[in-house]
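# Chains, contacts and geometry: an overview
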Amino acid sequence: MMMSLSSTVSLTSSIKLKPNHTPNSPPPLLQTQPTPHPSTSALINGGRLIQAITALDPLLAAPDPDNQHPHLLASYSLILKSCIRTRNFALGRLLHANLARSGLNLDSVIRNSFISLYSKCGDFHQAGQVFEAMGDAADLVSWSAMISCYANNGMEREAIEMFVRMLEWGVYCPNEYCFTAVIRACSNFGFFGVGEVVYGFVLKTGYLDSDVCVGCSLIDMFVKGSSDLDSAYKLFDRMSERNVVCWTLMITRFMQTGFVREAVDLFIDMILEGHVPDRFTLSGVISACAEMESLSIGKQLHSLSVRLGLVSDVCVACSLVDMYAKCSKDLSLHDSRQVFERMHEHNVMSWTAMITGCVQSGGLNAEAISLFIQMVQGSIVPNHFTLSGVLKACGNLLNLCLGEQIHAQAMKRGLSSIDFLGNSIISMYSKCGKMEDARKAFDLLFEKNLVSYNALVDGYAKNMGSEESFELFNVIEERGIGTNGFTFASLLSGAASVGALSKGEQIHARVFKSNLASDICVSNALVSMYTRCGDIEAAFKVFDGMECRNVISWTSVITGFAKHGFATRAIEQFREMLLSGIKPNEVTYVAVLSACSHSGMISQGIEYFDSMFKNHGIMPRMEHYACVVDIFGRSGLLAEAIRFIDTMPVKPDALVWRTLLGACRIHGNLELGKHAAQMILEQEPQDPAAYILLSNLYASEGKWDYVADIRKNMKQRHMTKEAGYSWVENENKLHRFHVGETSHPQAKKIYEELDELAVQLKEMGYIPNTDFVLHDVEEEQKEKYLFQHSEKLAVAYGLISTSGSKPIRVFKNLRVCGDCHTAIKYISLARGREIVLRDSNRFHHFKNGECSCNDYW
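Residues numbered from 1 in each chain as written. Predicted model: local features only at pLDDT ≥ 70, side-chain atom pairs only at ≥ 80, totals over all residues. Heavy atoms only, no water.

### Notes on the overall build of the protein
When its secondary structure is counted, the protein shows 46 helices and 6 strands. At a minimum sequence separation of 6, the contacts of the protein that also span at least 24 residues come to 63%. Carbon and sulfur atoms provide 53% of the accessible area of the protein, an area that totals close to 40700 Å². (Helix = DSSP H or I, 4+ residues; strand = E, 2+ residues; numbered from the N terminus. Contact = heavy atoms within 4.5 Å. Areas by Shrake-Rupley, 256 points an atom, 1.4 Å probe, with all protein chains shown as cover.)

### Focus on the side chain of Asn-813
Of note, Asn-813 is situated in the loop between strand 3 (808-812) and helix 46 (818-831). A residue is classified by how much of its surface remains accessible, and Asn-813, at 15% relative accessible area, is buried. Within the structure, the side chain of Asn-813 is placed 2.9 Å from the backbone oxygen of Ala-723, a separation counted as a polar contact. Polar side-chain contacts of Asn-813 include one of 2.8 Å to the backbone nitrogen of Tyr-725. (Buried < 20%, exposed > 50% of the residue type's maximum accessible area, 1.4 Å probe, protein only. Polar contact = N/O pair within 3.5 Å; in protein donor to acceptor, adjacent residues only side chain to side chain.)

### Some remarks on the packing of aromatic side chains
A complete count under the given rule lists 26 aromatic pairs for this structure. Note on Phe-163 and Phe-179: the rings are 6.1 Å apart at their centroids and 50° apart in plane angle, and the pair reads as tilted. Within this pair, whereas Phe-163 is found in helix 9 (residues 156-168), its partner Phe-179 is found in helix 10 (residues 176-185), the two being separated by 16 residues in sequence. Across this residue pair, the class does not change: Phe-163 and Phe-179 are buried. Aromatic side chains Trp-727 and Phe-811 sit 5.8 Å apart centroid to centroid with 20° between the ring planes, which places their arrangement in the stacked category. A residue pair is termed long-range when its members are at least 10 positions apart, and Trp-727 in strand 1 (residues 725-730) and Phe-811 in strand 3 qualify at 84 residues. (Phe/Tyr/Trp six-rings, centres within 6.5 Å; stacked < 30°, edge-to-face > 60°.)

### Quick word on the confidence of the model for the protein
Per-residue pLDDT for the protein has a mean of 83; in total, 90% of the residues score no lower than 70. In the model, residues 21-32 has pLDDT below 50 throughout and makes 12 contacts with residues more than four positions away in sequence or in other chains. (pLDDT = per-residue confidence, 0-100.)

### Details of the packing of helix 17 (residues 279-292) against helix 19 (residues 314-327)
Helix 19 packs onto helix 17 with a crossing angle of 10° between their chain directions and a minimal axis gap of 8 Å. By the angle between their directions, the pair helix 17 and helix 19 is classed as roughly parallel. Where helix 17 abuts helix 19, its residues Arg-279, Leu-282, Ser-283, Ile-286, Ser-287, Cys-289, Ala-290 and Glu-291 lie against Cys-315, Val-316, Ser-319, Leu-320, Asp-322, Met-323, Lys-326 and Cys-327. When the residues that make up the contact of helix 17 with helix 19 are grouped by side-chain class, the tally is 9 nonpolar, 3 polar and 4 charged. (Axes fitted to C-alpha atoms, helices over the stretch in contact; angles between N-to-C directions. Parallel < 35°, antiparallel > 145°, perpendicular 65-115°, else oblique. Nonpolar A, V, L, I, M, F, W, Y, C, P; charged D, E, K, R; others polar.)

### With respect to the environment of Arg-184
Structurally, Arg-184 can be placed in helix 10. Measuring from C-alpha to C-alpha, the distance between Arg-184 and Asp-220 comes to 7.9 Å, with 36 residues separating the pair along the chain.

### Some words on the pattern of salt bridges
Summed over the entire model, instances satisfying the criterion amount to 23 salt bridges. For Asp-313, the salt bridge is made with Arg-279, and the minimal N-O distance between the two is 3.2 Å. One end of the pair, Asp-313, is in the loop between helix 18 (295-307) and helix 19; the other, Arg-279, is in helix 17, with 34 residues separating them in the sequence. For Asp-313, a relative accessible area of 16% corresponds to the buried category. Arg-569 is the partner of Glu-537 in a salt bridge, and the nearest nitrogen-oxygen pair spans 2.8 Å. Residue Glu-537 is located in helix 32 (residues 536-544), and its partner Arg-569 is located in helix 34 (residues 567-579); the two are separated by 32 residues in the primary sequence. Judged by relative accessible area, Glu-537 falls into the partly exposed class, the value being 42%. Through salt bridges with shared partners, one network takes in Asp-220, Lys-224 and Arg-253. (Salt bridge = Lys/Arg side-chain N within 4 Å of Asp/Glu carboxyl O.)

### Description of the environment of Tyr-453
With respect to the secondary-structure elements, Tyr-453 resides in helix 27 (residues 450-462). When its relative accessible area of 3% is taken as the criterion, Tyr-453 is described as buried. For the pair Tyr-453 and Ile-481, spaced 28 residues apart in sequence, the C-alpha to C-alpha distance is 9.1 Å.

### Considering the nonpolar core
Of all hydrophobic cores here, the largest spans 241 residues; its most connected members are Phe-163 and Leu-660. Ignoring any residue separated from it by four or fewer positions in sequence, one finds Leu-660 in contact with Val-629, Leu-638, Ala-641, Ile-642, Ile-645, Leu-672 and Ala-676. Listed in part, the 28 residues of the second largest apolar core include Phe-737, Leu-754, Tyr-766 and Val-795. (Core = buried A, V, L, I, M, F, W, Y, C linked by side-chain atoms within 4.5 Å.)

### A word on the sheet that holds strand 6 (residues 850-851)
In space, the 6 strands of this open sheet follow the order 2-1-3-4-5-6, with mixed pairing throughout. Every other strand in the sheet has two partners, leaving strand 2 (733-738) and strand 6 as the edge strands with one partner each. (Pairing = 2+ DSSP bridges.)

### Let's talk about the UniProt feature "repeat: PPR" (unreviewed entry) in the protein
As annotated in UniProt, the feature "repeat: PPR" (unreviewed entry) corresponds to residues 139-173, 243-277, 347-382, 449-483, 550-584 and 585-620 in the numbering used here. Across residues 243-277, the secondary structure splits into 74% helix and 0% strand, with the terminal C-alpha atoms separated by 10 Å. Across residues 585-620, helical content stands at 78% and strand content at 0%; the span's end C-alpha atoms are separated by 11 Å. (UniProt positions renumbered as here; feature names shortened; annotations may be inferred.)

### Brief notes about helix 32
The complete set of buried residues in helix 32 reads Ile-536, Ala-538, Ala-539, Phe-540, Val-542 and Phe-543. Residues of helix 32 that are buried in the fold lie against helix 30 (501-513), helix 31 (520-532), helix 33 (551-563) and helix 34.

This is the structure we're talking about:
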């Protein structure tokens, strides 16, 4: 009868144990072991196991007058150990069957090997049968093998009970193998309490001071069983003997628990104590440098790897590839490529490291896919890490076709249900806008963790599915899965994408409840949410209350002020950022230049553009050049804009020309606009935006024949213009309006409000600007069209449905119409309401007949 686990506390002080070799006793006298049969020694040593068994069969069946059986057993023992070493489990099973039929009296050595064989192939039931059949012949090795068998096959309770049974029966005092196996079984939250009792037993028997393996097992138990890295390190520190394996384990556990700096410091201590690192130590500490993005230390470790002759090792080389990729300050990955190309052989690990490095660099997704194709063509079979990296590249490139093929490969290889890969599949479909497929991939996962839920929440949030993301968030809370900063950041992004301020405020309250208010990522998401929902003061309040700010925090608030038309405050925050010692990045400068552009600050904008490289070593990207073109273009300085484009050190892309074309449309420069459109279409012949802008330019000049030709060309190319629409949030619900919308439940009241406004605004001096009606119809009909624009419908609904004390917040997917902009200024004055409108470019704050953009947008 097996003893309960709770009684292990008293066992160690009451049991009577058979003596065996312990750390405090001398080793027993060595006994002469029989040698293998001479006819099979050469065959076994040559790895020809089947021939060796065939040669032994006649001897097994023959009488034994010359006492040959001990030599036969020695031969079978060697064959069996070779089967275990080469994982030829089928041959080992066959050998067991043959010996069982022979009736040969098997010794404990060969029976213990059978236990190990079945343990290695996961057949714990058969291993148990061999052990039970041994009876009193079971020795300490037998008990250790069974405890290890259960521990290695996820049967922790059975392993502990076997250990307790051995102690209860007083069979043997545990040796280092017994202790190592049972400690491994206790290395989890469920049995950590038992592990602490075993730890006391280890101290009593003295194995901690004499056996490094036992000490390493205990270190693992503290980390895996209770996440107690402090106790693990104290145990490590008190060990009298510490070899390279022990040091490597401690370094690895520091890394895995997020203490990468401490892992590197521990490695330095190891070197100072005179230990020579092996390939596992080096690959671990190089990975720590990758996490820290410490290129200088990484290079020193690279040099050490060369001196120790380990640089050609696959594990070390893969770690170096990953380290150089993560520490790369540009998109070249030159150092990673050099390490990769110098490797003598490439396996799935090295290819995966290079592919993952390309994806993590943020700009080499196409190269990651190219590497994957080369890898597969070279007959290297990808694993789930490889497929995960390629799926991320597909998602980043919105390459749904290839992503579906990779998904099919994962399913074919039976890998798609692995949570790690499944999460990448969900993310890929989400980025490509295929939320139905993302949901299917999510539902097919066997084990859904927080990362799985977060991937789907983030997908819904980014695909205008804020309702679904909030519903999923409720499921997460109901099931007790837990939430983290990424969950809240995704939800806040979802609220921000549709301007759902009330939902964003609810999430803000949940953030406080979850004690995540100090999380810098969540705080940055809150700043972004309030900014994009039109409440810039609430955004600044969150920013101002942050204890710790990074470049993303500063960039978010600068972008917010710029988008809301508060250029002076944006520039003030930029200066404070520089004074605080935070170095701006490329995105920061896009925000600063945009602030200058939207506010007509020409000289300041050029000055900031020139300072990018001069003061901070930031090479201008195409977005920065486009901002400068916009600075000139919005001010009507089209000649300066084209001169700037002609002097660019790189070829201007479609974004730059599209910016110039927009300026030509505003200022009515048809000839330059045609040139800009032609340049866009040379680079992106299928881009509908260029056709639409050019069409609008012709329409504003009254050249309707040209407009008709352009629209006919678009139709032939199967191009469609994105439909404009506006929306308003009211009582946690979004109300969407298209031009001439009549399906809204309150459509009658909305149009009555518009009719009343039309009369009132004209009395105040408003004159409809029919130039913004891009159709060749009568003037009266043009005025009617103007008052059916989605912006005006949304504002009218806001007037009849919201309290007069609150601002009306309207959102539009395209640029606001010039006539609507003028009309809303009058509406804010006529009704005494503050109206905040977010279009595709910026925010407009209308109050008392004025707009924050000063009519410059």
